[in-house]
Amino acid sequence: MSKTKIIFKHAMLITLLIGGFFFLSKLLGQENNPYLRFLNIVFVIVGIRQAVKTSIENNNETNYATNYGIAFGTSALGVIFSTIGVLIYVSLINPNFLNELNNSFLIGGNLSIYELVFTLIIEGLASSIVGSLMVMQFFKNHQSKVQVTA
């Protein structure tokens, strides 16, 4: 499986997990609970882990830098897709959600939609770096465990 396909597939997984969790929270009346946003990092880490695991198992790729690139690319693309989802949700479905986000302790201010998108991307990319490094610590010694057959 190509690196691009691995990244795209698992970025979509991250987006679907975050979006699904948001809609489940909305269904349960908890979409305004800012503490639930902290669980998004779990979904990002799951997507990163699956992407690196796929790279190792399907491509026999054991190079740390290559797998870190896949990890970061997956999470960064997932963040971009999720942020686009928030932009669509706030613009087309529930414009009042912007006010709810602005009143939460995580945003804290009177941000425009574009400032909010910028904030979410910066926050998400920081989480992507940390999440990728965390997952790569787990896989860093995988080189000796991969069996390459000639």
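Everything here concerns the structure above.
I will try to describe carefully the structure that is included in this document.

The rules behind these values
- Residues numbered from 1 in each chain as written.
- Predicted model: local features only at pLDDT ≥ 70, side-chain atom pairs only at ≥ 80, totals over all residues.
- Heavy atoms only, no water.
- Helix = DSSP H or I, 4+ residues; strand = E, 2+ residues; numbered from the N terminus.
- Buried < 20%, exposed > 50% of the residue type's maximum accessible area, 1.4 Å probe, protein only.
- Contact = heavy atoms within 4.5 Å.
- Areas by Shrake-Rupley, 256 points an atom, 1.4 Å probe, with all protein chains shown as cover.
- Axes fitted to C-alpha atoms, helices over the stretch in contact; angles between N-to-C directions.
- Parallel < 35°, antiparallel > 145°, perpendicular 65-115°, else oblique.
- Left-handed = near helix turned anticlockwise from the far one by under 90°.
- Nonpolar A, V, L, I, M, F, W, Y, C, P; charged D, E, K, R; others polar.
- Phe/Tyr/Trp six-rings, centres within 6.5 Å; stacked < 30°, edge-to-face > 60°.
- 1 Å grid on protein atoms, 1.4 Å probe; cavity = no way out; pocket = protein on both sides within 12 Å on 5 of 7 lines; lining within 4 Å.
- Points joined across faces, edges and corners; volume = space filled by probe spheres on them.

## Focus on the overall build of the protein chain
For step 1, the next point in the chain: A count of helical and extended segments in the protein chain gives five helices and zero strands.
For step 2, the next point in the chain: Going residue by residue from the N terminus, the α and β elements of the protein chain occur as α-α-α-α-α.
For step 3, the next point in the chain: The burial tally for the protein chain puts 35% of its 150 residues in the buried class.
For step 4, the next point in the chain: Once local pairs closer than 6 in sequence are excluded, the contacts in the protein chain between residues at least 24 apart make up 76%.
For step 5, the next point in the chain: For the protein chain, the exposed area adds up to about 8700 Å²; of that, 65% sits on carbon and sulfur atoms.

## Some thoughts on the packing of helix H2 (residues 40–59) against helix H5 (residues 113–139)
For step 1, the next point in the chain: Orientation of H2 relative to H5, taken along the N-to-C sense of each, is 45°, at an axis distance of 9 Å. In terms of orientation, H2 lies oblique with respect to H5. Seen along the crossing, H2 lies across H5 with a hand that is right-handed. Taken together, the residues of H5 that come into contact with H2 (itself represented by Ile-41, Ile-45, Ile-48, Arg-49, Val-52, Lys-53 and Ile-56) are Ser-127, Ser-128, Gly-131, Ser-132, Met-134, Val-135, Met-136 and Phe-139.
For step 2, the next point in the chain: Of the residues belonging to the contact of H2 with H5, the class tally is nine nonpolar, four polar and two charged.

## Some details on the packing of aromatic side chains
For step 1, the next point in the chain: Overall, the coordinates contain eight aromatic pairs when judged by the stated rule.
For step 2, the next point in the chain: Where Phe-23 meets Tyr-89, the ring centres are 6.1 Å apart and the plane angle is 75°; that geometry is what we call edge-to-face. Separated by 66 residues along the polypeptide, Phe-23 in helix H1 (residues 3–27) and Tyr-89 in helix H3 (residues 64–93) bring together distant segments of the chain.
For step 3, the next point in the chain: Exposure remark for Phe-23: the relative accessible area of 47% places this residue in the partly exposed category.
For step 4, the next point in the chain: When the centroid spacing of 5.5 Å and the interplanar angle of 85° are considered together, the rings of Tyr-89 and Phe-97 count as edge-to-face. Here the two residues Tyr-89 and Phe-97 agree in accessibility, since each one is buried.

## Overview of the packing of H1 against H3
For step 1, the next point in the chain: Close contact between H1 and H3 brings their axes to 8 Å; oriented N to C, the two are set at 40°. In terms of orientation, H1 and H3 fall into the oblique class. For the element pair H1 and H3, the recorded crossing hand is right-handed.
For step 2, the next point in the chain: Each residue belonging to the contact of H1 with H3 can be placed in one class, and the counts come to 13 nonpolar, nine polar and two charged.

## Some words on the layout of surface pockets
For step 1, the next point in the chain: By volume, the largest pocket is sized at about 980 Å³.
For step 2, the next point in the chain: Elements with a contribution of two residues or more to the lining of the largest pocket: H1, H2, H3, helix H4 (97–102) and H5.
For step 3, the next point in the chain: No other element matches the ten residues that H3 contributes to the lining of the largest pocket.
For step 4, the next point in the chain: Each residue belonging to the lining of the largest pocket can be placed in one class, and the counts come to 22 nonpolar, 14 polar and four charged.

## Details of the environment of Met-12
For step 1, the next point in the chain: For Met-12, the location among the structural elements is in helix H1.
For step 2, the next point in the chain: Residue class for Met-12 comes out partly exposed when judged on its relative accessible area of 31%.
For step 3, the next point in the chain: Remark: the alpha-carbon pair of Met-12 and Leu-77, spanning 65 residues in sequence, is separated by 8.3 Å.

## Quick word on unusual backbone geometry
For step 1, the next point in the chain: A positive phi is found at Asn-60, a non-glycine position, where the angle reads about 50°.
For step 2, the next point in the chain: Inspection of the secondary structure assignment puts Asn-60 in the loop between H2 and H3.
For step 3, the next point in the chain: Given the relative accessible area of 34%, Asn-60 is considered partly exposed.

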